[in-house]
Amino acid sequence: MPEVSRDYHVAKDSPVSVSEITDGIYRISGFVKEFGITFNQFLINDEKPTLIHTGPIGLYERVEEKVREIISLDKLSYVAFLHFESDEWGGMEFLKTPGVKLLCSDLSSKLNLVGWNNVPVNHISFWDNETIKTGRRTLRFIMTPHVHHWDSMMIFEDTTKSLFTSDLFIQPGDNKPTVSDDLSESMIALYKAAGIFASEGPVRQTTRRLVKMEPRMVFPMHGSCIDKSTFPKYADAIMRNEFAYSDVLLGQKLEVS
Ligand SMILES: [Fe+2]
Ligand SMILES: [Fe+2]
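As a starting point, this report considers the structure included with it. (Residues numbered from 1 in each chain as written. Chains lettered and ligands numbered in written order. Predicted model: local features only at pLDDT ≥ 70, side-chain atom pairs only at ≥ 80, totals over all residues. Heavy atoms only, no water.)

1. As for the sheet that holds strand β4 (residues 50-52)
Then comes step 1: Across the sheet, which stays open at both edges, the seven strands sit in the order β1-β2-β3-β4-β5-β6-β7 with mixed pairing between neighbours. Bordering the open sheet on either side are β1 (16-22) and β7 (123-126), each of which pairs with just one other strand. Averaged over all neighbouring strand pairs, the angle between strand axes comes to 25 degrees, with direction disregarded.
Then comes step 2: Two elements, β4 and strand β5 (residues 78-80), share three bridges in a ladder whose sense is parallel. Note on β5: the bridge partner recorded for Leu51 is Val79.
Then comes step 3: Along the sheet, helix α3 (residues 106-113) contacts β6 (101-105) and β7; its crossing angle with β6, the most-contacted strand, is approximately 105 degrees. (Pairing = 2+ DSSP bridges. Helix = DSSP H or I, 4+ residues; strand = E, 2+ residues; numbered from the N terminus. Axes fitted to C-alpha atoms, helices over the stretch in contact; angles between N-to-C directions. Contact = heavy atoms within 4.5 Å.)

2. Things to note about the pattern of salt bridges
Then comes step 1: For the coordinates displayed, the defined rule picks out 10 salt bridges.
Then comes step 2: A salt bridge links Asp23 to Arg137, with the nearest nitrogen and oxygen atoms 3.5 Å apart. Of this pair, Asp23 sits in the loop between β1 and β2 (25-32) while Arg137 sits in the loop between β8 (131-133) and β9 (138-143), and the two are 114 residues apart along the sequence.
Then comes step 3: In this structure, Lys253 and Asp247 form a salt bridge, with 2.5 Å as the shortest nitrogen-oxygen distance.
Then comes step 4: According to the relative accessible area criterion, Asp247 is partly exposed, its value standing at 26%.
Then comes step 5: Through salt bridges with shared partners, one network takes in Asp23, Arg136, Arg137 and Glu157. (Salt bridge = Lys/Arg side-chain N within 4 Å of Asp/Glu carboxyl O. Buried < 20%, exposed > 50% of the residue type's maximum accessible area, 1.4 Å probe, protein only.)

3. What to know about the coordination of the iron ion (ligand 1)
Then comes step 1: Protein coordination at the iron ion (ligand 1) comes from His83 (NE2), Glu85 (OE), His148 (NE2) and Asp167 (OD), with a distance range of 1.8 to 2.3 Å.
Then comes step 2: Around the iron ion (ligand 1) sit four donor atoms; with metal-centred angles ranging over 86 to 152 degrees, the donor geometry is irregular.
Then comes step 3: One chain supplies every donor to the iron ion (ligand 1), and in sequence these donors are spaced H-x1-E-x62-H-x18-D.
Then comes step 4: In this structure, the iron ion (ligand 1) is positioned 3.7 Å from the iron ion (ligand 2), and both are ligated by Asp167. With His148 in the loop between β9 and β10 (153-157) and Asp167 in the loop between β11 (162-166) and β12 (178-179), the pair connects residues that are 19 residues apart, well separated along the chain. Like His148, the residue Asp167 is buried in the burial classification. (Donors = N, O, S within 2.8 Å, 3.2 Å for Na, K, Ca; no water. Tetrahedral: all angles 85-135°; square planar, octahedral: opposite > 155°, others 65-115°.)

4. Remarks on the sheet that holds β9
Then comes step 1: Ordered by their spatial adjacency, seven strands build an open sheet running β8-β9-β10-β11-β13-β14-β12, and the pairing between neighbours is mixed. The two strands at the open ends of the sheet, each matched to only one other strand, are β8 and β12.
Then comes step 2: Where β12 and strand β14 (residues 225-227) come together, two bridges link them in parallel fashion. Paired with Val179 across the bridge in β14 is Ile226.

5. Examining the packing of aromatic side chains
Then comes step 1: For the structure on display, the rule yields 13 aromatic pairs.
Then comes step 2: For the pair Phe84 and Trp89, a centre-to-centre distance of 5.3 Å together with 65 degrees between the ring planes defines the contact as edge-to-face.
Then comes step 3: The exposure class of Trp89 is buried, given its relative accessible area of 6%.
Then comes step 4: Ring centres of Phe169 and Phe231 lie 5.1 Å apart, and the angle between their planes is 90 degrees; this geometry places the pair in the edge-to-face category. Taken together, the residues span a long stretch of sequence, with Phe169 in the loop between β11 and β12 and Phe231 in helix α6 (residues 231-240) at a distance of 62 residues. Exposure class is identical for Phe169 and Phe231. Each is buried.
Then comes step 5: Following the ring pairs from residue to residue traces out a cluster consisting of Phe42, Phe164 and Phe219. (Phe/Tyr/Trp six-rings, centres within 6.5 Å; stacked < 30°, edge-to-face > 60°.)

6. Observations regarding the coordination of the iron ion (ligand 2)
Then comes step 1: Taken together, Asp87 (OD), Asp167 (OD) and His222 (NE2) make up the protein donors of the iron ion (ligand 2), found 2.2 to 2.4 Å from the metal.
Then comes step 2: Mapped onto the sequence, the residues coordinating the iron ion (ligand 2) show the spacing D-x79-D-x54-H.

7. A look at the packing of helix α4 (residues 184-194) against α6
Then comes step 1: Remark: α4 packs on α6, axes separated minimally by 9 Å, with the N-to-C direction vectors making an angle of 40 degrees. One finds that α4 runs oblique with respect to α6. Both α4 and α6 take part in a crossing whose hand is right-handed. On α6, the residues touching Ser184, Met187, Ile188 and Tyr191 of α4 are Lys233, Tyr234, Ala237 and Ile238.
Then comes step 2: Tallied by class, residues from the contact of α4 with α6 come to six nonpolar, one polar and one charged. (Parallel < 35°, antiparallel > 145°, perpendicular 65-115°, else oblique. Left-handed = near helix turned anticlockwise from the far one by under 90°. Nonpolar A, V, L, I, M, F, W, Y, C, P; charged D, E, K, R; others polar.)

Take a look at the structure:
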């Protein structure tokens, strides 16, 4: 049986770039060749700057460098993670910065932050539709259970109508920060190959709700940001296609005897 070292999947040499997507909201993106996808973090630069996701630990130094190009690190107030997974918050080093607080869903708190050794417990958790002000911005927390984890949530920034969807509406490849091309076919193919959703039901229920919120810009964790003119195509693709796990996990067929 192959041994797995801590450096496995670490993406240490991946390039990381930063670009402003919409007024004061930055995408810090690392393209990881071995997976063929980008890992995107988003910095909302406000009175209380907030980072959404940290990226995996291998990207930490370069993500931190990019955050420092925008704000001084001691200004960072909040780090939000949208479900418990290493690409979401493998860069927990951010939490060592004095004054930084972790934001997460109520379920993430109850299931994943309480009852472990050496896991930070200094956090604020949110139930569905609860909000926090970061200055002129308001972050609204949307609980999205089973998209794709039990504890999953998303964030809607009310003033710019920016929607942070984590692993929903993701696309493979290293495309521009924002694209208006319809990449929904490759999104569906990626979901089938990765096997991240147990079933379509909760994903479609969430998608219906998100469409009603009329986001101006959608910020997925992998791939390009999607503006309001293209977003309906991605939502339609979720409603029309099958993409739930069948027998393939991260591109590998699982033979069950
Ligand atoms: Fe995930
Ligand atoms: Fe992810």
